[in-house]
Amino acid sequence: MGDDRNLEGRLGQGLRAAGERLRRGRAYLMAQPPYKRVGLALLWCVGVPLSLLLVWALILLPFTPGVAGLKQARAAKASILVAADGKELASFEEGLQERVTLAQISPHMIAALIATEDHRFKDHHGIDYKRTLASVVYTLGGDAQGGSTITQQLARNMFPEEIGRSRNLNRKIKEMITAVKIESAYSKDEILEAYLNTVPFLYNTFGIEMAARTYFDTTAAKLDILESATLVGMLKGTNYYNPVNNPERSVQRRNVVLSQMRKHGMLDDKRYDSLRKKPLRVSFSRQAERSPTDTHFTAYVRKWLLEWADENDYNVERDGLVVHTTLDFALQEAAMKAVERQGNALQIIADVEWSQPDGGYAGSAGAYAGMHGSVTPFEYFWRSKGTLVNAFIRETPEYKKAIESGDTGAVALKRLKTDRAFIARLRAAKTRLETGFVAMDPESGHIKAWIGSRDFHKEQYDHVVQAARQPGSTFKPIVYGAALEKGFAPNRPYRDAVTNIKAGDGTIWRPTDMSGSSGNMMSMRDGLVFSKNTITAQVMQDVGLPGIIKLARDLGIRNSKLESVPSLALGTSPVTLLEMVNAYSSIASQGQYRKPVFVTSITDRSGKVVAQFADPKSENVMSAQNSADLIDMMRGVINRGTGTGIRYRFGINGDVAGKTGTTQNNTDGWFIMMHPKLVAGAWVGFNDNRVTMRSSYWGQGGHNALLVVGDFFKAAIADGKVDAAAVFPGGRRPAPVVQEEDPGDIDEEAGEMQQEGVAPPPPPAPEPDDMENGAEAPIDGERGEPSSGLPALPQPLPPSAPPPPEPDAGAPQQQRE
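I will try to describe carefully the structure that is included in this document. (Residues numbered from 1 in each chain as written. Predicted model: local features only at pLDDT ≥ 70, side-chain atom pairs only at ≥ 80, totals over all residues. Heavy atoms only, no water.)

1. Quick word on the sheet that holds strand β7 (residues 447-451)
Strand pairs in the sheet, formed through backbone hydrogen bonds, run parallel or antiparallel to each other. Read across the sheet, 5 strands follow the order β7-β6-β18-β17-β16 without closing on themselves; strand pairing throughout is antiparallel. In this open sheet, the two edge strands, each paired with only one partner strand, are β7 and β16 (657-662). This sheet shows a mean twist of 5 degrees between the axes of neighbouring strands, independent of strand direction. Of the strand pairs in this sheet, strand β17 (residues 668-675) and strand β18 (residues 678-686) are connected by 8 bridges, and their pairing is antiparallel. (Pairing = 2+ DSSP bridges. Helix = DSSP H or I, 4+ residues; strand = E, 2+ residues; numbered from the N terminus. Axes fitted to C-alpha atoms, helices over the stretch in contact; angles between N-to-C directions.)

2. Concerning the pairing of strand β6 (residues 433-440)
Of all the 8 residues making up β6, 8 are buried; the element is thus mostly covered by neighbouring parts of the structure. As paired strands, β6 and β18 are joined by 8 bridges and run antiparallel to one another. Residue Phe437 lies in a different strand from β18, and its bridge partner there is Ala682. Taken together, the 4 bridges between β6 and β7 define a ladder with antiparallel strand orientation. Within the sheet, the bridge partner assigned to Met440 lies in β7 and is Ile447. Connecting β6 to the antiparallel partner β7 that follows it, the hairpin turn spans 6 residues, and Gly445 within it adopts a positive phi of roughly 85 degrees. (Buried < 20%, exposed > 50% of the residue type's maximum accessible area, 1.4 Å probe, protein only.)

3. Regarding the nonpolar core
In this structure, Phe475, Tyr480, Val539, Ile548, Ile557, Leu630 and Met674 are the most contacted members of the largest nonpolar core, which totals 75 residues. Of the residues forming this core, the biggest block, 8 residues, is contributed by helix α26 (residues 577-588). Beyond its immediate chain neighbours, meaning those up to four positions away, Tyr480 contacts Met524, Gly527, Leu528, Lys532, Ile535, Thr536, Val539, Leu630 and Met633. Counting residues in hydrophobic clusters, the runner-up holds 59 residues, among them Ala350, Val352, Met693 and Ala716. (Core = buried A, V, L, I, M, F, W, Y, C linked by side-chain atoms within 4.5 Å. Contact = heavy atoms within 4.5 Å.)

4. Remarks on the side chain of Arg432
Assignment of secondary structure puts Arg432 in the loop between α21 (420-430) and β6. Of the residues examined, Arg432 reaches a relative accessible area of 16% and is grouped as buried. In terms of polar contacts, Arg432 uses its side chain to reach the side chain of Glu434, at 3.1 Å. (Polar contact = N/O pair within 3.5 Å; in protein donor to acceptor, adjacent residues only side chain to side chain.)

5. Thoughts on the environment of Ala614
The residue Ala614 is located in the loop between β14 (609-612) and β15 (619-620) in this model. With a relative accessible area of 69%, Ala614 lands in the exposed category. Spatially, the C-alpha atoms of Ala614 and Val597 are 9.3 Å apart, while their sequence positions differ by 17 residues.

6. A word on the packing of aromatic side chains
Counted under the stated rule, the structure contains 19 aromatic pairs. Plain terms: the ring middles of Tyr300 and Phe598 are 5.2 Å apart, the flat faces sit at 75 degrees to each other, and that makes the pair edge-to-face. Remark: Phe598 occurs in the loop between β12 (592-593) and β13 (599-603) and Tyr300 occurs in helix α14 (residues 296-311); sequence separation between them is 298 residues. Among the residues examined, Tyr300 registers a relative accessible area of 30% and is labelled partly exposed. Phe598 sits in the buried class, given a relative accessible area of 15%. Here the aromatic residues Phe297, Tyr300, Trp304, Trp450, Phe598 and Phe613 are joined through ring pairs into a cluster of three or more. Positioned above the aromatic ring of Tyr240, the side-chain terminus of Arg249 is 3.9 Å from the ring centre. Between Arg492 and the ring centre of Phe488, over which it is positioned, the NZ or CZ distance is 3.8 Å. (Phe/Tyr/Trp six-rings, centres within 6.5 Å; stacked < 30°, edge-to-face > 60°. Lys NZ or Arg CZ within 6 Å of the ring centre and 35° of its normal.)

7. Quick notes on the packing of helix α15 (residues 329-353) against helix α16 (residues 365-372)
Orientation of α15 relative to α16, taken along the N-to-C sense of each, is 60 degrees, at an axis distance of 9 Å. Taken as axis vectors, α15 and α16 run oblique relative to one another. Crossing angle aside, the handedness with which α15 passes α16 is left-handed. Residues Ile348, Ile349, Asp351, Val352 and Glu353 of α15 form the contact with α16, whose participating residues are Ala365, Tyr368, Ala369, Met371 and His372. Of the residues in the contact of α15 with α16, the class split is 7 nonpolar, 1 polar and 2 charged. (Parallel < 35°, antiparallel > 145°, perpendicular 65-115°, else oblique. Left-handed = near helix turned anticlockwise from the far one by under 90°. Nonpolar A, V, L, I, M, F, W, Y, C, P; charged D, E, K, R; others polar.)

Here it is in structure tokens:
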């Protein structure tokens, strides 16, 4: 009790003493003149907070970048893409930024920036105290406004980690301290230049030069006043005022910038009224991002990641993200080598066959390699197809530019033909053979290997996901799968005969085969094994196009348009390689469709998972039994049909099934193969489908695309990446095939069908071999590819395999030009 009384006594004494001091202070204040009373009150209310802020700033001073750090800003950690085993595939250290000097930046841009963001820029030393106090007053009144100067914004751009990202007083003080340091280290022009080179503009674009290219297809030096005002307007909120996605907001913000320019004397009223009524003119073009380690796969993932990062407020160039992809590094290496080996060998064959008038089938790949050094690649093609070469020239930007500058067509054509550098570039581009390859796990949908062209740095066009080409006979399994789903048995009989098929528009179609029609009965199974157009067309007629198209969509062809015409059954409707391999994966996984997966998760620089992407749920699109029956039918393609090269050329004895494909005039060669654990497919052809393989033999998918897939699988099996003993459910591993045994080749007809009553198109007539018909002047020693200094050219056959059969051993000698 005594202690409680003592405590109460001490508290009472303290309160009385405090009250006494307050009374004395009030008495002193009231004794002063009125003006002095107001001054003392303001000093107390303002001085004390300012003193506290000063003390806090002094505490934070050592934690802000020093002058040395300003001159050598710490590089942010780049985001990287890694394979499934953690091996790095590509990184983002080379962002979309190109530095320019202040003299290379439009004066309109500089004027708009200063008028809008910091009109007292030339007068302050990093902090605009008037604007800072005004922003505090407006913000307290409910109208949030920013008070940062250009120098303060530069501090944030240069040191996002040190200054922080949160909107709080701590960050603001650090920003102000750093701004003062920047002003002491740089001139005003240097600050403007640094700011305009580092400011972000979405789409992983940094700096005014790349922003000008991205949004207006121009340079920073050529930005006009409206373009400058639009870009400056974005600085208040790049996403919110994005002129691509939010054009109305962008125009409103642009006009605010113009009004600020008028307010500060940079525009008169008449010019302002005229400009603010102008429409928004954006010429958006997302800039290509390529690094030395990029491939088509990493470029595809990179594009996806940039969109993801924009949506989730990450900076792929600075935030050190680790993107975990599904790619198997060893399988990707095997695919790259297969594409390189077989692509080079097939290029040599095309070069030689098109080099001279009698350039038909010449035997083994080795024979072509021996001839390559003594011919001019594609010389005969270039000289005999003058009209086509003229068309090539007329389609170039150089020709169109010449016409726009006032040249007549004849003058432009003649001048460009004499431009040897131009002709060499055009010739190389048109005659370069390309190939695409993709492999995926049918059980998960994970992409395991992806090669979009023979050389990414020479050809960025992706033949896996961008190029839509006619799939030829690789589409036929979908037709037969639809028949099985309708209840047809694999041994359902059909007569091997030309049949009239009436199309929806009343025209009559008569599909034929290169090998002719026997008139005999043939099972549906053999119709697929031997790739018979006559049988496939009848199956299509019995099943109906709606059922075939539905199954194609269900299996994985979900983006490309499928024409509802009879010739669809023979693969005349263009699709992408990824779609076709996805469809075969659905068949291989017992009728379970899975969307292709290429990224599994994203972690930050410390290893923390910031995004996890679960495998999509499978969709049951085909019965397991019908899938098993279709796989069994496609085993026959490998064992005794158009895909036998897998066995006798590459010695692959596993339980595999697949299908070859060839389109009209040898334009496209396809082969897709299914293994229980991996499905892979390849396409071979030229970017311009008016250029084709010359001979029927090398133009078939069974003799070009099959080589790429066979090479890949052979290496994958040898490395233990693919289990050679795996079998499909209900299947069994076939008996070993002697690799040297050549069962003979089975020709595959392209997917064109002749319309009744209409004469077939005549073969192109040879054109005069002279300068008047489009060929350029001879260039001494010219080659499509250099013939000297090349490494030893690999063969498209394994070392232990025999060459393809010579013409008298069954190889077709017909040419379909």
